[in-house]
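Residues per chain, in single letters:
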Amino acid sequence: MTELAPTELIVNGAPVAAAAGPDTPLLTLLRDELGLVGSRFGCGQGLCGACVVLVDGAPMPSCQTPLWQVSGQEVTTVEGLSGTPTGAAPHPVQQALLDHQAAQCGFCISGIVMRAVALLRERPDASEDDVVEALDTHLCRCGAHGRIVAAIVAAREAV
Ligand code: FES
Ligand code: FES
């Protein structure tokens, strides 16, 4: 059996062999090597949530996740969310955020979308309090929290 190199993983359904070293943050691979810039660099310290992606379905801050830690695993970014090759069709959570005009500058939104998708997949009946708790580690400098929470609650039916 062939062993995977520590920098081989699956990103949005496609195998990737990173040129970067195994200690490189996943966010750096996504943005700088693969051009997937939907995941944002905010604090770089795991404190703001702007860089959150799904790793085997679980939300993780990609700025604090070295490549060796996700070797062979399935990474989903906001670009891979809709299930279309181009990510063109909005996911129901994204549509709800649009419908509620929840995004202001949008910097925090992709990380919040990934967190919300993970929550609603696991807990389709999540309460408003559950949504607030799940978003606890996500900062929004525009103060759009109220509309963001309302949008995610409204998206429950559609996910
Ligand atoms: S940039 Fe990763 S948590 Fe802030
Ligand atoms: S919408 Fe601007 S940081 Fe959240």
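Bear in mind the structure is a predicted one, so any value in this text is a computation, not a measurement.

### Looking at unusual backbone geometry
- Phi is positive for Asn 12, which is not a glycine, with a value near 50°.
- In this structure, Asn 12 sits in the loop between strand S1 (8-11) and strand S2 (14-17).
- A positive phi angle, close to 50°, is found at Asp 56, a residue other than glycine.
- Tracing the chain through its elements places Asp 56 in the loop between strand S3 (52-55) and strand S4 (58-61).
- For Asp 56, a count of 12 C-beta atoms within 10 Å puts it in the exposed group.

### Some remarks on the domain arrangement of the protein chain
- Each assigned domain of the protein chain is listed with its residue range as follows: domain 1 (8-80) and domain 2 (92-158).
- A separation of 20 Å is found between the C-alpha centroids of domain 1 and domain 2.
- On the side of domain 2, twelve residues touch domain 1, which itself brings 14 residues to the contact.
- When contributions to the side of domain 1 that touches domain 2 are tallied by element, the ones reaching two or more residues are S3 and S4.
- For the side of domain 1 that touches domain 2, the element with the highest residue contribution is S3, accounting for three residues.
- In the side of domain 1 that touches domain 2, the residues fall into nine nonpolar, four polar and one charged.

### Quick word on the nonpolar core
- Ranked by internal contacts, the top residues of the largest apolar core, which has 45 residues, are Val 93, Leu 97, Val 113, Ala 116, Ile 148 and Ile 152.
- Elements represented by at least two residues in this core include exactly S1, helix H1 (26-33), S3, helix H2 (92-99), helix H3 (109-122), helix H4 (128-134) and helix H5 (145-154).
- When residues are assigned to domains, this core turns out to be shared by domain 1 (8-80) and domain 2 (92-158), each giving three or more.

What counts and how
Every chain is numbered independently, its residues counted from 1 as its sequence is written. Whichever chain is written first becomes A and whichever ligand is written first becomes 1, with later ones labelled in order. Side-chain atom pairs in this predicted model are given and counted only at pLDDT of 80 or more, local residue features only at pLDDT of at least 70, and totals for whole chains, interfaces and linings cover all residues. Runs of E in the DSSP output that reach at least two residues are strands. Runs of H or I that reach at least four are helices, and both are numbered from the N terminus. Residues are called buried when their C-beta atom has 20 or more other C-beta atoms within 10 Å, exposed when it has 12 or fewer, and partly exposed otherwise; all C-beta atoms are positioned from the backbone. Start and end positions for the domains come from either an automated domain assignment or a database one. Contacts are defined on C-beta atoms placed from the backbone: any two residues whose C-beta positions lie within 7 Å are in contact. When residues are grouped by polarity, Ala, Val, Leu, Ile, Met, Phe, Trp, Tyr, Cys and Pro land in nonpolar, Asp, Glu, Lys and Arg in charged, and all others, Gly among them, in polar. To count as a nonpolar core, a set of buried Ala, Val, Leu, Ile, Met, Phe, Trp, Tyr and Cys residues must be joined through C-beta atoms within 7 Å.

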